[in-house]
Amino acid sequence: MPTGVAAFDRIAVIGGGAWGTALAETAVRAGRKVTLWEFDEKNAHHLTTVRESKYLPGFRIDESIVVTRALPDAAKADAILVVVPAQKAVRDVVTALEARIVKGTPLIVCAKGIEHGTHRFMTEIVAECAPKALPAILSGPSFASDVARGLPTAVTLACKSGKTAEALAHALNGATFRPYHSTDVRGVEIGGAAKNVLAIAAGIVAGRGLGASASAAMVTRGFAELVRFGKAYGAKAETLTGLSGLGDLTLTCGGPQSRNFSFGAALGKGEPVAKASHGKLTEGAFTAPVLVEMAREKKVEMPIAAAVADVIAGRLSVDKAIESLLSRPIREE
């Protein structure tokens, strides 16, 4: 633990979904006192009485986790993990927390995306809506079910203050959950947002039955797009090739456990966009058009991301999107 920095003994988790529940359990394993805030009344009741999230059936949470629907209770923590959907929910929750937190409280966003309309990254929303808070981001290759079960997982936690990032990493570090710390906030955010879009493309390739060779090519060229975009927006190369970039891309493009991959696979099999999510939140579908808009602003080529955005918007069929990628001019890699 770095000297002169708070120990962050009291951790609040905002959001009782699968990822929020898993992170609450992780914080308990790390020896922290944990409050879990959940907006949905039915899930909050389920968490309190059955001691499990309805989004992680069969996984029992520790009895020491205090479940609440009162945001002021959660705001008393030394550090707060914001684990709600990137679109609108992060802004609403952070705005509500601003009046209740102590100045300098870290708000660690654990959502992956870029806000529609504003093109704001998640920590930019924190800075705008909760100026008293210290913005931070946690991202990396991590499925909620793996983390909840205590399977080995490594992620990246970034904050502009290196000492604070290190202290927060220590606060969440456990026997099977290892946070690496970084000051490259933007790089960590970009990796988490862009990989969801590329995972949809990987799912389309799998759903269309295009084979392992096509899948490898898509992931590799998709990573090249992620790196170009990241560099244009100030990310460090080592971050993009690390856990929150290449690591998370590899995991999310790897199979149906990823919601974004599953969404893409359903599209590849011919399901309409409106039904392909099967009722699950697919952050990549919201991020795709924003990512493409921001890429165009910086004159960054992202043909795979653009094809995904076009398919989701109904501008291209899956087959036409694949054809457009294969017919691009031959060029040096």
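Preceding this paragraph is the structure being described.
The following paragraphs examine the structure supplied in this document.

Thresholds applied
Residues numbered from 1 in each chain as written. Predicted model: local features only at pLDDT ≥ 70, side-chain atom pairs only at ≥ 80, totals over all residues. Heavy atoms only, no water. Core = buried A, V, L, I, M, F, W, Y, C linked by side-chain atoms within 4.5 Å. Buried < 20%, exposed > 50% of the residue type's maximum accessible area, 1.4 Å probe, protein only. Contact = heavy atoms within 4.5 Å. Helix = DSSP H or I, 4+ residues; strand = E, 2+ residues; numbered from the N terminus. Salt bridge = Lys/Arg side-chain N within 4 Å of Asp/Glu carboxyl O. Axes fitted to C-alpha atoms, helices over the stretch in contact; angles between N-to-C directions. Parallel < 35°, antiparallel > 145°, perpendicular 65-115°, else oblique. Pairing = 2+ DSSP bridges. 1 Å grid on protein atoms, 1.4 Å probe; cavity = no way out; pocket = protein on both sides within 12 Å on 5 of 7 lines; lining within 4 Å. Points joined across faces, edges and corners; volume = space filled by probe spheres on them. Nonpolar A, V, L, I, M, F, W, Y, C, P; charged D, E, K, R; others polar.

### Concerning the nonpolar core
Part 1 of the argument: By size, the foremost hydrophobic cluster in this structure holds 49 residues, and its most contacted members are Phe229, Leu267 and Leu291.
Part 2 of the argument: In contact with Phe229, not counting residues within four places along its chain, are Ile190, Leu291, Met294, Ala295, Val300 and Met302.

### Concerning the environment of Glu25
Part 1 of the argument: Turning to its location among the elements, Glu25 is positioned in helix α1 (residues 18-29).
Part 2 of the argument: For Glu25, a relative accessible area of 8% translates into the label buried.
Part 3 of the argument: When sequence neighbours within four positions are dropped, the list of residues in contact with Glu25 reads Phe59, Arg60, Ile61, Asp62 and Ile65.

### Some thoughts on the pattern of salt bridges
Part 1 of the argument: The final tally for this structure, using the stated rule, is 16 salt bridges.
Part 2 of the argument: A salt bridge links Asp40 to Lys54; the shortest N-O distance between them is 3.4 Å. Of this pair, Asp40 sits in the loop between β2 (33-37) and α2 (41-49) while Lys54 sits in the loop between α2 and β3 (66-68), and the two are 14 residues apart along the sequence.
Part 3 of the argument: Since its relative accessible area comes to 27%, Asp40 is described here as partly exposed.
Part 4 of the argument: Residue classification places Lys54 among the partly exposed positions, given a relative accessible area of 40%.

### Remarks on the packing of helix α8 (residues 185-207) against helix α15 (residues 303-313)
Part 1 of the argument: One way to put it is that α8 packs onto α15 with a least axis distance of 9 Å and a crossing angle of 75°. Considered as vectors, α8 and α15 are oriented roughly perpendicular to each other. Facing α8, whose interface residues are Val197, Leu198, Ile200 and Ala201, α15 presents Ile304, Ala305, Val308 and Ile312.

### Brief notes about the pairing of strand β7 (residues 153-159)
Part 1 of the argument: Among the seven residues that make up β7, six are buried, leaving the element largely enclosed by the rest of the structure.
Part 2 of the argument: The sheet contact formed by strand β6 (residues 134-139) and β7 spans four bridges and is antiparallel. Across the sheet, residue Ile137 finds its bridge partner in β7, namely Ala158.
Part 3 of the argument: Bridge count between β7 and strand β8 (residues 177-182): six bridges; the pairing is parallel.

### As for the layout of surface pockets
Part 1 of the argument: When its volume is computed, the largest pocket comes out at roughly 1400 Å³.
Part 2 of the argument: Taken together, 45 residues form the lining of the largest pocket, with Gly17, Ala18, Trp19, Arg259 and Leu281 sitting closest to its centre.
Part 3 of the argument: Elements with a minimum of two residues in the lining of the largest pocket: α1, α4 (89-98), α6 (144-148), α8, α11 (243-252) and α12 (259-268).
Part 4 of the argument: Sort the elements by how many residues they give to the lining of the largest pocket and α12 lands first, with four residues.
Part 5 of the argument: Of the residues belonging to the lining of the largest pocket, the class tally is 20 nonpolar, 17 polar and eight charged.
Part 6 of the argument: Roughly 720 Å³ of internal volume is contained in the second largest pocket.
Part 7 of the argument: Along the wall of the second largest pocket there are 26 residues; nearest its centre are Arg221, Ile304, Leu325, Leu326 and Arg328.

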